[in-house]
Amino acid sequence: MDSSEVTAELVVRAGLEFIFVLGVFVAILIFSRLRQRLFPLGAAALTVLFLFLAAWGGAQMLDRWQYDYPQKLSAVPLTRFAMYQVQIPESVESTYGWEATLTDGSGVIWGCRMVKSPAEAARLREAGRITGEVYEALFPAVRPGMTETEIVDRFLRMHMSRGGGSPWFLINSGPENFDIPCGGPADRTLQAGDVLWMDGGCCVGDYWSDYTRMVFLGEPTVEQRKVYDLITGVTRKTVEAVRPGVRCSDLQALNDRLFEEAGYDYNEINFAGGRIGHGLGTMITEPPHVAHYEETLMEPGLVFTIEPRILSDHGIFNCEELVLVTEQGAKLLTKAPRELSVTG
């Protein structure tokens, strides 16, 4: 069966099924007009029967389009691309007689998605602004005695009241869950001396914000100040290195060198699969990745996070930034303060 025969079969079958369902609905309309002249129970029974037939016909049509028809148009050898697995028929000629070869075009699609237009960047900037306002309003109000659940509730409501759609969060606040950066809220009440860390954001016109901030409930220790200054310093210097032509892997290498100069081996304390950042757009996490294995060259319009972090018994130390690459270098889309914050 060649391509024209396959297409003709699909069109005919789909047309017949559509006509069947349409006919049933027309019959229902006719009987509804005549129901006052007919025996009421008979009219009701016929209406139920036709509704059943319409539902059955619609289900059959949906089932064919979802399962039967795609099988006629696809083969399923698997080819690996980046971190995704996609189904790519290497050749359809042997299956359908078509003189064509299908090729993985996902690289082109991701290439388009990674580089944001000014309109896309504006939406990301607005989402970042909203999340920044939430951090600035929420953290000074945090006090011992509040629960993680209460804080999350405020975080989400504050986003929505400012126009941020689908707000999301991660949270931890004490020694019991410092080692769980991707979860929460835990069933715990904040105490003096705790360190509240949050990661979160919202959606504006299908584009997301994503960054972290932390606040100390009481004066931090000397060690906590030291680690916080280290994290914010490394993050700042890594952001300053962003410019067109730099590879993502170069930023990871710079991050590792800065930690080494401070007496740390980042390979021992790293997090998130060996990367210090990721792309952002219509997904919260998308290519490119800021990692040793990522050779993508930066260019104007690229948007990604920079987020080295240290997980310790004293807290999660992390001051994530959202970066837009411009001709002049990095432009921050994160608006919340970076200075050490104390409350309570």
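Before reading further, recall that the structure is shown in the block above.
Just so you know, these numbers come straight off a predicted model, no measurement behind them.

1. Some thoughts on the overall build of the protein chain
For step 1, the next point in the chain: When helices and strands are counted, the protein chain shows nine helices and 14 strands.
For step 2, the next point in the chain: By the burial criterion, 42% of the 344 residues in the protein chain qualify as buried.
For step 3, the next point in the chain: About 17800 Å² of surface is accessible on the protein chain, with carbon and sulfur atoms providing 58% of the total.

2. Here we look at the environment of Ile310
For step 1, the next point in the chain: You can see Ile310 is positioned in strand E10 (residues 309–312).
For step 2, the next point in the chain: A sequence separation of 40 residues divides Ile310 from Asn270, and the C-alpha atoms of the two residues are 7.1 Å apart.
For step 3, the next point in the chain: Apart from the residues lying within four places of it in its own chain, the contact partners of Ile310 are Val227, Leu230, Ile231, Phe259, Tyr264, Ile269, Gly315, Ile316 and Phe317.

3. A short note on the packing of aromatic side chains
For step 1, the next point in the chain: Taken as a whole and judged by the stated rule, the model has seven aromatic pairs.
For step 2, the next point in the chain: For the pair Tyr135 and Phe155, a centre-to-centre distance of 5.7 Å together with 50° between the ring planes defines the contact as tilted. Taken together, the residues span a long stretch of sequence, with Tyr135 in helix H5 (residues 118–138) and Phe155 in helix H6 (residues 148–161) at a distance of 20 residues. The two residues Tyr135 and Phe155 agree in class, both being buried.
For step 3, the next point in the chain: Members of the aromatic cluster, joined through ring pairs, are Tyr135, Phe139, Phe155 and Tyr211.

4. Side note on the nonpolar core
For step 1, the next point in the chain: One finds Leu251, Met298 and Phe304 to be the most contacted residues of the largest nonpolar core, which totals 44 residues.
For step 2, the next point in the chain: Among the elements that line this core, the one with the most residues is helix H7 (residues 222–240), at six residues.
For step 3, the next point in the chain: Not counting residues up to four positions away in its chain, the partners in contact with Leu251 are Thr238, Ala241, Val242, Val246, Ile276, Val290, Met298, Phe304 and Ile306.

5. Digging into the packing of H7 against helix H8 (residues 248–261)
For step 1, the next point in the chain: Contact geometry for H7 and H8: axes closest at 10 Å, N-to-C directions at 145°. Crossing handedness for the pair H7 and H8: right-handed. Counting all contacts with H7, which are made through Leu230, Ile231, Val234, Lys237 and Thr238, the residues of H8 involved are Leu251, Leu254, Asn255, Leu258 and Phe259.
For step 2, the next point in the chain: Each residue belonging to the contact of H7 with H8 can be placed in one class, and the counts come to seven nonpolar, two polar and one charged.

6. Some points on the pattern of salt bridges
For step 1, the next point in the chain: Taken as a whole, this structure holds 15 salt bridges when the rule is applied.
For step 2, the next point in the chain: Put simply, Glu286 and Arg113 hold a salt bridge, and the shortest N to O gap is 3.1 Å. Of this pair, Glu286 sits in strand E8 (residues 286–291) while Arg113 sits in helix H4 (residues 106–114); the two residues are 173 residues apart in sequence, bridging distant segments of the chain.
For step 3, the next point in the chain: Looking at Glu286, the relative accessible area reads 1%, which means it is buried.
For step 4, the next point in the chain: On the accessibility criterion, Arg113 (27% relative accessible area) is partly exposed.
For step 5, the next point in the chain: The shortest N-O distance in the salt bridge between Glu240 and Arg236 comes to 3.9 Å. Placement of both Glu240 and Arg236 in helix H7 is noted, with a separation of four residues, approximately one turn of the helix.
For step 6, the next point in the chain: You can call Glu240 exposed: its relative accessible area is 57%.
For step 7, the next point in the chain: Overall, the relative accessible area of 46% leaves Arg236 in the partly exposed class.
For step 8, the next point in the chain: Shared partners join several salt bridges into a network, and the residues in it are Glu126, Arg129, Glu133 and Arg162.

7. With respect to the pairing of strand E13 (residues 329–332)
For step 1, the next point in the chain: In terms of strand pairing, strand E12 (residues 321–326) meets E13 through four bridges, oriented antiparallel. Counted as the bridge partner of Leu324 is Lys331 from E13.
For step 2, the next point in the chain: Linking two consecutive strands that pair antiparallel, namely E12 and E13, is a turn of two residues.

Calculation rules
- The residue numbering used here restarts from 1 in each chain and proceeds along that chain's sequence as written.
- Restriction of local features to residues with pLDDT of at least 70 applies here, the model being predicted, together with a cutoff of 80 or more for giving and counting side-chain atom pairs; totals for whole chains, interfaces and linings are based on all residues.
- Processing note: side-chain calculations cover all non-hydrogen atoms of the structure and skip hydrogens and water entirely.
- Put simply, DSSP H or I for four residues or longer makes a helix, DSSP E for two residues or longer makes a strand, and each gets a number counted from the N terminus.
- With a 1.4 Å probe rolled over the protein chains alone, any residue whose accessible area is under 20% of its type maximum counts as buried; one over 50% counts as exposed, and the rest are partly exposed.
- Areas reported as accessible are Shrake-Rupley estimates using a 1.4 Å probe. Residue values count occlusion only from the protein chains shown.
- Here, residues are in contact when the closest pair of their heavy atoms is within 4.5 Å.
- Between 30 and 60 degrees the pair is tilted, below 30 it is stacked and above 60 it is edge-to-face, where a pair is any two Phe, Tyr or Trp rings, Trp via its six-membered ring, whose centres lie within 6.5 Å.
- Definition of nonpolar core: a set of buried residues of the types Ala, Val, Leu, Ile, Met, Phe, Trp, Tyr and Cys, connected through side-chain atoms within 4.5 Å.
- Lines are fitted to the C-alpha atoms to define the axes, a helix being fitted only along its stretch in contact, and any angle between axes, read from their N-to-C directions, falls within 0 to 180 degrees.
- Handedness of a helix crossing follows the sense of rotation of the near helix relative to the far helix, less than a right angle counterclockwise being left-handed and clockwise being right-handed.
- Residue classes follow a fixed rule: Ala, Val, Leu, Ile, Met, Phe, Trp, Tyr, Cys and Pro count as nonpolar, while Asp, Glu, Lys and Arg count as charged, and any other residue, Gly among them, counts as polar.
- We define a salt bridge as a contact between a side-chain nitrogen of Lys or Arg and a carboxyl oxygen of Asp or Glu at a distance within 4 Å.
- Pairing between strands is defined by DSSP: at least two bridges between the two strands are required.

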